[in-house]
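Structural overview
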Amino acid sequence: MNDQHLTFRKDGFTVTTDPSLFQTGAIHDFLSQSSWAPGIDEETVRLSVQNSLCFALLNDSEQIGFARLVTDYATFGYLCDVYVLDEYQKTGLGRWLMECCHAHPLMARLRRIMLVTDSAPWLYQKLGYSPVNRPDFVWQINRPDMYLKKDPH
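Anyway, here's the lowdown on the structure attached to this text. Here the structure is a predicted model, which means the values were calculated and not measured. (Residues numbered from 1 in each chain as written. Predicted model: local features only at pLDDT ≥ 70, side-chain atom pairs only at ≥ 80, totals over all residues. Heavy atoms only, no water.)

1. Looking at the packing of aromatic side chains
Taken as a whole, this structure holds 6 aromatic pairs when the rule is applied. Consider the rings of Phe-30 and Trp-36, whose centres lie 6.0 Å apart with planes at 45 degrees: the pair is tilted. For the pair Phe-30 and Tyr-83, a centre-to-centre distance of 3.8 Å together with 10 degrees between the ring planes defines the contact as stacked. Of the two residues, Phe-30 is situated in helix α1 (residues 24–33) and Tyr-83 in strand β5 (residues 76–84); the sequence distance between them amounts to 53 residues. A relative accessible area of 22% places Phe-30 in the partly exposed class. Here a set of aromatic residues connected by ring pairs shows up, and it is made of Phe-22, Phe-30, Trp-36, Phe-66 and Tyr-83. Taking the ring centre of Phe-137 as reference, the NZ or CZ of Arg-134 above it sits at 3.7 Å. (Phe/Tyr/Trp six-rings, centres within 6.5 Å; stacked < 30°, edge-to-face > 60°. Helix = DSSP H or I, 4+ residues; strand = E, 2+ residues; numbered from the N terminus. Buried < 20%, exposed > 50% of the residue type's maximum accessible area, 1.4 Å probe, protein only. Lys NZ or Arg CZ within 6 Å of the ring centre and 35° of its normal.)

In structure tokens, the structure reads:
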């Protein structure tokens, strides 16, 4: 894993890969209310951040956005948990966050970068993503309500 952290600055905003600046509580607050990870617990968020290449979008010291790349650091990356808080949307910050992710040197070496989303397809297309609509090409096990189920044991 890379110990060198990247930081990008624009108009008073910052995107950084420095984990010391990540606000796990803010990330959890958003993700636990999101359409893709409702009810996710803080420990799961902490572990996912700790074990991924992450990008925090900050307004001064407030975390207002996030993106996480699950990767083997050699050939594959899965970009997920991308968000910008509602009050900062439609300002170009989402695109800038994605551009910062793609500016990371690791992204240039990955053979395949996957993204699963049902929002902002226009943004991802502008950044080079294309939909995978071939039958029997992409397979998954999907458990969308995983964090809402409470294990009694």
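2. Things to note about the nonpolar core
Formed by 38 residues in total, the largest nonpolar core has its most connected members in Ile-27, Leu-57, Leu-97 and Met-98. Apart from residues no more than four positions distant in its own chain, Leu-57 is found in contact with Phe-13, Thr-14, Val-15, Glu-62, Gln-63, Ile-64, Gly-65, Phe-66, Val-84, Leu-93, Trp-96 and Leu-97. (Core = buried A, V, L, I, M, F, W, Y, C linked by side-chain atoms within 4.5 Å. Contact = heavy atoms within 4.5 Å.)

3. Some words on the sheet that holds strand β3 (residues 53–59)
Pairing between the strands of a sheet comes from backbone hydrogen bonds, and it takes one of two forms, parallel or antiparallel. Strands sit in the order β1-β2-β3-β4-β5-β6 across an open sheet of 6 strands; the sheet is mixed. Of all the strands in the sheet, the pair left with one neighbour each is β1 (7–10) and β6 (112–115). Strand-to-strand twist of the sheet, defined as the mean angle between neighbouring strand axes without regard to direction, takes the value 20 degrees. Direction of pairing for strand β4 (residues 62–71) relative to β5: antiparallel, over a ladder of 6 bridges. Across the sheet, Leu-69 pairs through a bridge with Leu-79, a residue of β5. (Pairing = 2+ DSSP bridges. Axes fitted to C-alpha atoms, helices over the stretch in contact; angles between N-to-C directions.)

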